[in-house]
There are 2 protein chains.
Amino acid sequence: MSAEMKEEAIHLLLVDDQEIILDGLTSMLRRFEGQVHISGRAKDAVDAVKFLEDNRVDIVLSDIRLKNGSGIDLCREVASRHPEIAVVMLTVYDDEQYLYQALRSGAKGFLLKQIGAAELVEQLMRVRDGDIVVDPHLAGRVALSAARLHSGEFWPGAHLGLTQRESEVLDLVTKGHSNKAIAAKLFLGEETVKTHLSSIYRKLGVRDRTSAVALAMREAIFR
Amino acid sequence: MSAEMKEEAIHLLLVDDQEIILDGLTSMLRRFEGQVHISGRAKDAVDAVKFLEDNRVDIVLSDIRLKNGSGIDLCREVASRHPEIAVVMLTVYDDEQYLYQALRSGAKGFLLKQIGAAELVEQLMRVRDGDIVVDPHLAGRVALSAARLHSGEFWPGAHLGLTQRESEVLDLVTKGHSNKAIAAKLFLGEETVKTHLSSIYRKLGVRDRTSAVALAMREAIFR
DNA sequence: CAAAGCGTCCCTCATAAGTGGGATTCCACC
DNA sequence: GGTGGAATCCCACTTATGAGGGACGCTTTG
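Fair warning: this is a prediction, and the values are worked out from it, not measured in the lab. Note that residues are indexed from 1 along each chain, following the sequence as it is written. Chains and ligands are labelled by the order in which they are written, letters from A for the one and numbers from 1 for the other. Where totals are concerned, whole chains, interfaces and linings use all residues; where local detail is concerned, this predicted model gives features only for residues with pLDDT of at least 70, and gives and counts side-chain atom pairs only at 80 or more. To get the side-chain values, take all heavy atoms of the structure and skip hydrogens and water.

## Brief notes about the overall build of chain A
Now for step 1: A tally of helices and strands in chain A yields eleven helices and six strands.
Now for step 2: Categorising residues by exposure relies on relative accessible area from a 1.4 Å probe, with only protein chains included: less than 20% of the type maximum marks a residue as buried, more than 50% marks it as exposed, and the intermediate range marks it as partly exposed. Here chain A holds 223 residues, and 48% of them are scored as buried.
Now for step 3: Residues are treated as being in contact if the distance between any of their heavy atoms lies within 4.5 Å. Within chain A, contacts between residues at least 6 apart in sequence are counted, and of these 62% link residues at least 24 apart.
Now for step 4: All accessibility values rest on the Shrake-Rupley procedure with a 1.4 Å probe; residue burial counts only the protein chains present in the view. Accessible surface computed for chain A: about 11100 Å², of which carbon and sulfur atoms make up 50%. Put simply, DSSP marks the helices as runs of H or I at least four residues long and the strands as runs of E at least two long, and each gets a number from the N terminus on.

Right, dumping it as structure tokens:
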């Protein structure tokens with residue numbers, strides 16, 4: 001405890017287009033004044049970048065969706081202009097895709113807004129110490145995905161009983177390709193594609209590619 | 001001003017599963033202590049209903065998405081058990097569909113979380129006085145929709161240049177019907193359906209029904 | 001090892017889908 | 001009173017799609 005008290009407070013910039021969130025964070029973090037210090041608040045990416053020019057900030061805590069440009073854009077901007085400043089995304093979107101996008105854009109953390117105050121501060125301190133953090137609620141799911149990807153046993157649509165190959169085919173169908181084009185892309189005969197499609201229709205309980213696409217997009221298997 | 005000061009403060013119950021939001025609202029509304037008073041906070045619909053049993057509450061301010069049941073459920077519950085208590089939805093979902101659903105379920109207001117403190121308090125006072133309020137950001141759009149519906153000049157897909165008939169056809173295609181089935185449903189010849197489809201493809205810039213469906217669903221024209 | 005599942009390819013056949021013409025009526029707008 | 005778009009229908013033609021078979025090699029699994 002005393003070891004941590006010696007360290008300087010983390011300087012934060014809060015970025016969110018909703019005042020409620022800014023207020024909420026401020027009031028949450030007030031209880032941890034020794035550990036975190038709110039340097040400033042911004043309502044969009046432009047304001048945020050401007051603020052970083054002439055203020056000390058260790059971590060930018062930003063929502064994903066902002067008014068002028070997304071938090072993802074902000075990540076890239078900060079990563080290129082101020083590589084020493086970490087950006088942590090704080091969002092309601094409990095979505096793996098967003099997480100991956102954020103991390104690829106240089107985010108050092110991805111937390112959900114349902115996080116508690118103490119936990120938030122703890123994660124911020126870990127980021128300050130060089131860690132990359134992921135919200136515990138997402139971490140489990142992500143690890144599972146990663147494990148499945150590693151062993152090659154996971155692909156979109158697997159939960160519907162589709163094989164990997166069938167998923168590849170359905171994906172291309174969803175993108176509007178003809179059987180011939182799909183065959184060319186996958187280095188297959190057109191007949192093979194048809195065979196796969198027949199299996200897909202049987203498994204999905206549909207009669208043609210149109211319904212299959214509708215189902216795939218509704219269930220968010222592909223987009 | 002003095003006339004308003006004479007009135008009693010509005011007793012609020014805040015409902016949201018995110019602590020940040022509860023904290024944010026609390027700290028926002030602290031500046032308006034004479035006009036609003038926070039009776040309590042709840043994390044889900046069950047807690048909220050329980051709280052209403054033995055506390056004075058004038059307005060329930062709730063998110064749409066909660067842990068146990070939605071804010072919509074809460075609306076119905078409160079409307080039937082405590083018709084004298086108004087429920088106001090406060091949400092990030094800037095979506096007309098949610099708005100309509102909430103109002104049909106008895107909500108007395110629909111506000112977006114991006115609202116400012118002063119405006120929030122003003123809207124709450126209007127609800128207390130019997131008004132039904134809609135966030136100004138949504139109100140314009142809603143009025144436009146309503147006007148278009150009234151004059152019959154609005155249908156899904158109109159913004160892409162589709163005619164009303166073409167939209168009907170595309171809708172049925174999206175639902176997986178064949179040209180023949182569509183013709184039967186709309187009392188048309190199959191050729192007519194084909195003619196419409198060709199126009200649709202031209203206007204959407206696609207080559208077949210599969211891509212048209214993908215586009216329609218991606219753009220959320222139909223689902 | 002045998003069975004099962006997957007992935008690949010092949011064939012035939014029926015029909016659905018899509019194109020490009022042309023035609024008619026109705027209605028609104030200039 | 002003409003122009004043009006929308007909606008309807010028709011025909012001829014080409015191509016894509018899907019069903020129903022069968023066949024072969026490969027792996028996994030019991």
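Read on for the rest.
## Here's the deal with the sheet that holds strand β4 (residues 86-91) of chain B
All names here are of chain B.
Now for step 1: Sheet architecture is open: six strands sit in the order β2-β1-β3-β4-β5-β6, paired in parallel fashion. Among the strands making up the open sheet, the edge pair consists of β2 (36-42) and β6 (133-134).
Now for step 2: Strands were regarded as paired on the criterion that DSSP finds at least two bridges between them. Strand direction decides the pairing type here: strand β3 (residues 59-62) and β4, joined by four bridges, are parallel. Looking at the pairing, Leu-61 lines up with Val-88 of β4.
Now for step 3: On the sheet, helix α6 (residues 117-128) packs against β1 (10-15), β2, β3, β4, β5 (109-112) and β6 and is oriented at approximately 135° with respect to β3. Convention adopted: a line fitted to C-alpha atoms gives each axis, helices being fitted over their contacting stretch, and angles between N-to-C directions are expressed from 0 to 180 degrees.

## Some thoughts on the pairing of β3(B)
Residue and element names in this part refer to chain B.
Now for step 1: Both faces of β3 are covered, namely the face carrying Ile-59 and Leu-61 and the face carrying Val-60 and Ser-62.
Now for step 2: Here β1 runs beside β3; their pairing, made up of four bridges, is parallel. Of the residues in β3, the one forming a bridge with Leu-14 is Leu-61.
Now for step 3: Note on the crossover from β3 through helix α4 (residues 71-81) to β4: the handedness is right-handed. Assignment of crossover handedness uses the view with strands pointing away from the viewer, where a clockwise path from the first strand over the helix to the second indicates a right-handed crossover.

## Here's the deal with the protein's contact with DNA strand D
Now for step 1: Residues in contact with DNA strand D amount to 18 residues; listed here are only the nearest, Tyr201(A), Arg209(A), Thr163(B), Arg165(B) and Gly189(B).
Now for step 2: Any residue with a heavy atom lying within 4 Å of a molecule or strand is counted as near it. Backbone sugar and phosphate groups make up 70% of those atoms of DNA strand D lying within 4 Å of the protein.
Now for step 3: Within the side chain of Thr195(B), one N or O atom sits 3.4 Å away from a base nitrogen of DNA strand D.
Now for step 4: Within the side chain of His196(B), a nitrogen or oxygen atom sits 2.8 Å from a phosphate oxygen of DNA strand D.
Now for step 5: Of all the secondary structure elements, the ones that give two or more residues to the surface near DNA strand D are α9 (179-186) and α10 (190-204) of chain A together with α8 (164-174) and α10 (190-204) of chain B.
Now for step 6: With four residues, the top contributor of residues to the surface near DNA strand D is α10(B). The definition of a polar contact used here is a pair of N or O atoms within 3.5 Å, where within protein one atom must be able to donate a hydrogen and the other to accept one, and adjacent residues in sequence count solely through side-chain atom pairs.

## Some remarks on the side chain of Asp16(B)
All names here are of chain B.
Now for step 1: Structurally, the position occupied by Asp-16 is in the loop between β1 and α2 (19-29).
Now for step 2: A relative accessible area of 2% places Asp-16 in the buried class.
Now for step 3: At 3.0 Å, the side chain of Asp-16 and the backbone nitrogen of Gln-18 are in polar contact.
Now for step 4: Side-chain polar atoms of Asp-16 contact the side chain of Lys-113, separated by 3.0 Å.
Now for step 5: Sequence-distant contacts of Asp-16, defined by excluding residues within four places in its chain, comprise Ile-21, Leu-22, Ala-42, Lys-43, Asp-63, Leu-66 and Lys-113.

## Focus: the protein's contact with DNA strand C
Now for step 1: Surveying the vicinity of DNA strand C reveals 17 residues, the closest of which are Thr163(A), Arg165(A), Gly189(A), Tyr201(B) and Arg209(B).
Now for step 2: Close to the protein, within 4 Å, the atoms of DNA strand C belong to sugar or phosphate groups at a rate of 73%.
Now for step 3: Here Thr192(A) contributes a side-chain N or O atom positioned 3.0 Å from a phosphate oxygen of DNA strand C.
Now for step 4: A distance of 3.4 Å separates a base nitrogen of DNA strand C from a polar atom in the side chain of Thr195(A).

## Focus on the side chain of Thr174(A)
Now for step 1: In this fold, Thr174(A) is placed in helix α8 (residues 164-174).
Now for step 2: Here Leu170(A) takes part through its backbone oxygen, which lies 2.8 Å from a polar atom of the side chain of Thr174(A).

## Observations regarding the environment of Asp17(A)
Residue and element names in this part refer to chain A.
Now for step 1: Counting through the fold element by element, Asp-17 comes out in the loop between β1 (10-15) and α2 (19-29).
Now for step 2: Assessed through its relative accessible area of 14%, Asp-17 is described here as buried.
Now for step 3: Sequence spacing of Asp-17 and Lys-43 is 26 residues, and the spatial spacing of their C-alpha atoms is 4.5 Å.

## A look at the pattern of salt bridges
Now for step 1: Salt bridges are identified by distance alone: a Lys or Arg side-chain nitrogen within 4 Å of an Asp or Glu carboxyl oxygen. Counted according to the given criterion, the structure contains 30 salt bridges over all chains.
Now for step 2: Between Arg31(A) and Asp23(B) there is a salt bridge whose closest N-O contact spans 3.5 Å. Note that Arg31(A) is positioned in the loop between α2 and β2 (36-42) and Asp23(B) in helix α2, a pairing that runs across two chains.
Now for step 3: Its relative accessible area of 54% is what places Arg31(A) among the exposed residues.
Now for step 4: Using a relative accessible area of 9% as the deciding quantity, one classes Asp23(B) as buried.

## Section: the sheet that holds β2(A)
Residue and element names in this part refer to chain A.
Now for step 1: The strand order β2-β1-β3-β4-β5-β6 describes an open sheet built from six strands, whose pairing is parallel. Sheet topology places β2 and β6 (133-134) at the edges, where each strand pairs with a single neighbour.
Now for step 2: Along the sheet, helix α6 (residues 117-128) contacts β1, β2, β3 (59-62), β4 (86-91), β5 (109-112) and β6; its crossing angle with β3, the most-contacted strand, is approximately 135°.

## Describing α10(B)
All names here are of chain B.
Now for step 1: In a regular helix each residue adds 1.5 Å, so 15 residues correspond to 21 Å; α10 covers 21 Å between its end C-alpha atoms and thus fits that length.
Now for step 2: Those residues of α10 that fall on the buried side of the exposure criterion are Val-193, His-196, Leu-197, Ser-199, Ile-200, Tyr-201 and Leu-204.
Now for step 3: Here the buried face of α10 lies against α8, α9 (179-186) and α11 (209-218).
Now for step 4: Looking one or two residues past α10, Gly-205 carries a phi angle of roughly 75°, positive in sign. Here the expected length of a helix is defined as 1.5 Å per residue gap, with one fewer gap than residues.

## Things to note about α6(B)
All names here are of chain B.
Now for step 1: The end-to-end C-alpha distance of α6 is 17 Å, a good match for the 16 Å that twelve residues give at a rise of 1.5 Å each.
Now for step 2: By the burial criterion, the buried members of α6 are Ala-117, Leu-120, Val-121, Gln-123, Leu-124, Met-125 and Val-127.
Now for step 3: Remark: Gly-130 follows α6 within two positions and exhibits a positive phi of approximately 100°.

## Remarks on the environment of Val49(B)
Residue and element names in this part refer to chain B.
Now for step 1: With respect to the helices and strands, Val-49 occurs in helix α3 (residues 45-53).
Now for step 2: Expressed as a C-alpha distance, the spacing of Val-49 and Arg-81, which sit 32 residues apart in the sequence, is 9.0 Å.
Now for step 3: Once residues within four sequence positions are removed from consideration, Val-49 is found in contact with Leu-74, Glu-77 and Arg-81.

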